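Residues per chain, in single letters:
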Amino acid sequence: MTGQNTTPGAAQRLAVLGAGVMGTGIAALAIGHGIAVSMIDVDRRRLAEATDRVDRQVRTARLMGALPEGTRPGLLDVGVSLADVSTGRTGTLTAVVEAVTEDPDAKAKVLADVSALVAPGTPVVSNTSSIPIGELARSVARPEDLIGSHFMNPPYLIRTVEVIRGPRTGPRTLDAVRGLLTTLGRESVVVEDAPGFVTSRILHPMINSAVRVVAAGTASVESVDKLLQGCLGHPTGPLRTADLIGLDNLVDSLWVLHERTGDESCRPCELLLTKVRAGHLGRKSGRGFYHYEGDL
Amino acid sequence: MTVPSDQEVSDTGDRVDTAAPELVRFLTARTGRTWPPDTDLFATGGLSSLFAMELVVHLEQTYGVSVRGTDLRLDNFRTVRRMVALVDRLRNSEPGDHGA
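What you are looking at is a predicted structure, and each value in this text was computed from that prediction instead of being measured.

So, how was this worked out
Residues numbered from 1 in each chain as written. Chains lettered and ligands numbered in written order. Predicted model: local features only at pLDDT ≥ 70, side-chain atom pairs only at ≥ 80, totals over all residues. UniProt positions renumbered as here; feature names shortened; annotations may be inferred. Helix = DSSP H or I, 4+ residues; strand = E, 2+ residues; numbered from the N terminus. pLDDT = per-residue confidence, 0-100. Contact = placed C-beta atoms within 7 Å. Pairing = 2+ DSSP bridges. Axes fitted to C-alpha atoms, helices over the stretch in contact; angles between N-to-C directions. Domains from an automatic or database assignment. Parallel < 35°, antiparallel > 145°, perpendicular 65-115°, else oblique. Nonpolar A, V, L, I, M, F, W, Y, C, P; charged D, E, K, R; others polar. Right-handed = clockwise from strand over helix to strand, strands pointing away. Core = buried A, V, L, I, M, F, W, Y, C linked by C-beta atoms within 7 Å. Buried ≥ 20, exposed ≤ 12 C-beta atoms within 10 Å, placed from the backbone.

Turning our attention to the UniProt feature "transmembrane region" (unreviewed entry) in chain A. Those places that UniProt annotates as "transmembrane region" (unreviewed entry) correspond, in this numbering, to residues 14–37 of chain A. Each end of residues 14–37 of chain A is marked by a C-alpha atom, and these two atoms are 5 Å apart; helix forms 50% of the span and strand 25%.

Okay, here's the thing in structure tokens:
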């Protein structure tokens, strides 16, 4: 099969910073929609696994019917720096998606480095569940190019994306990112900047409360999830959702919320902290509130 | 590129070959339940559809097949019988005959 590639994303390329759960998930979503991805991570071991992890997620997305039929997958390359993957390459990036760990200092450093490297006008998207974009904007060369996204996990299955317009985000950046999300088959909902934005500000304290209920012995993990599913229509239950988010990410996000809002319902409860200390991080580690095999 | 033999696997045949007992054992071990050959694994009250990818990997590793292209559809993994038929077809097809 030869000839022009008519896949909508075919001429585009994303740089995804961070080859963790969200970085590889976002890369899989893009590749499945025909967009090339350069994946960057300073951890060489994680980078070595990234190609297989992305491939597996693209296959999962296809299996679930979550990708457009007949799309030629985008290409994936990996490297330890943006300069590393850009050598010998021409053309501009469609956008940079930062998906490193949910730590304000780590994100600020990565964003400062990358914003100094990319062409002005290239949208720099920080994928975060809770860190205010206005805070991160202090680190970048051009705050008007910075915007927030909050993809849910797994990005290739959940079709709605929370988009956070920071106080200094430019209209061109917002339009470009909304266009990109449309190409990715996602619906964007734009919200204003605040700790936890909308989804995490509501969901994360609720999950924290669900863990407290289990810790108090009121009900088992399974019973809490069954009640929230069966009575309140929650699709998976809060504790299975916590496992999918990653308990370490959840704790990081709760601390961000607690420190910035003073809301005591956002202080991570002891059972959550104990699980994280034990390395029981949820689906990605094979164990959290539930046991898993076959990491996705 | 060859034309894929990627049609949805028929579940009307009555042959459930040697893959079936192993597959039933695997499913039972992973889920703690028994699965008759024509039971829909993903129907209401069944397994999460995310488990389907585990099934794909299990079939590939156990039977030396590669499930690619349009064979990657949930309907091919809905029942033990359909999975056995898929494995049977892929094992008997030429390399590269099952899509990119």
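All names here are of chain A. The omega torsion across N153 and P154 is 0°, close enough to zero to call that bond cis. Position of P154 among the secondary structure elements: in the loop between strand 6 (146–150) and strand 7 (160–165). Located in the positive-phi region is F197, a residue other than glycine, with phi close to 55°. As for its position among the elements, F197 is in the loop between strand 8 (187–192) and helix 7 (199–215).

Mapped onto the fold, M152 of chain A is located in the loop between strand 6 and strand 7. Residues M152 of chain A and S81 of chain A lie 71 residues apart in sequence; the distance between their C-alpha atoms is 26 Å.

Another point: the confidence of the model for chain B. Residues and elements named next belong to chain B. Considering every residue of chain B, the mean pLDDT works out to 78; 73% of them sit at 70 or more. With pLDDT under 50 throughout, residues 1–16 is counted as low confidence; its partners more than four residues away or in other chains account for 34 contacts. Interface confidence for the predicted complex, given as ipTM, is 0.71, next to a pTM of 0.84.

Quick look at the sheet that holds strand 2 (residues 36–40) of chain A now. All names here are of chain A. Strand order in the open sheet formed by eight strands is 3-2-1-4-5-6-7-8, with mixed pairing between adjacent strands. The strands lining the two open edges of the sheet, one partner per strand, are strand 3 (76–79) and strand 8. On average, each strand axis in the sheet is tilted by 25° relative to the strand beside it, whichever way the strands run. Direction of pairing for strand 4 (residues 95–98) relative to strand 5 (residues 124–127): parallel, over a ladder of three bridges. Following the sheet pairing, V96 is matched in strand 5 by V124. Where helix 2 (residues 44–63) meets the sheet, it contacts strand 2 and strand 3, and its direction lies at approximately 165° from that of strand 3.

This paragraph deals with the domain arrangement of chain A. Interfaces are frequently sized by the accessible area removed from exposure as the parts join. On domain assignment, one finds that chain A holds domain 1 (13–192) and domain 2 (199–285). Taking only C-alpha atoms, the centre of domain 1 of chain A and the centre of domain 2 of chain A are 26 Å apart.

Working note: a packed helix pair is described by the angle between its axes plus the distance between those axes. Residue and element names in this part refer to chain A. Axis separation between helix 8 (residues 221–230) and helix 9 (residues 238–245) bottoms out at 7 Å; the angle between their running directions is 105°. One element, helix 8, and the other, helix 9, form an angle in the roughly perpendicular class. Residues V221, V224, D225 and L228 of helix 8 form the contact with helix 9, whose participating residues are P238, L239 and R240. When grouped by side-chain class, the residues that make up the contact of helix 8 with helix 9 number five nonpolar, no polar and two charged.

This next bit is on the pairing of strand 8 of chain A. Residues and elements named next belong to chain A. Here strand 7 runs beside strand 8; their pairing, made up of six bridges, is parallel. Of the residues in strand 8, the one forming a bridge with V161 is S188. Since strand 7 and strand 8 lie parallel, the crossover through helix 6 (residues 171–183) that links them has a hand, and here it is right-handed.

Turning our attention to the nonpolar core. In this structure, V16, L17, A27, V37 and V96 of chain A are the most contacted members of the largest nonpolar core, which totals 78 residues. Here this core gets eight residues from one element, more than from any other, and that element is helix 1 (residues 21–32) of chain A. Sequence-distant contacts of A27 of chain A, that is, excluding residues within four places in its chain, are made with V16, V37, M39, V54 and L76 of chain A. In this structure, M53, V67, F77 and V84 of chain B belong to the second largest nonpolar core, which totals 18 residues.

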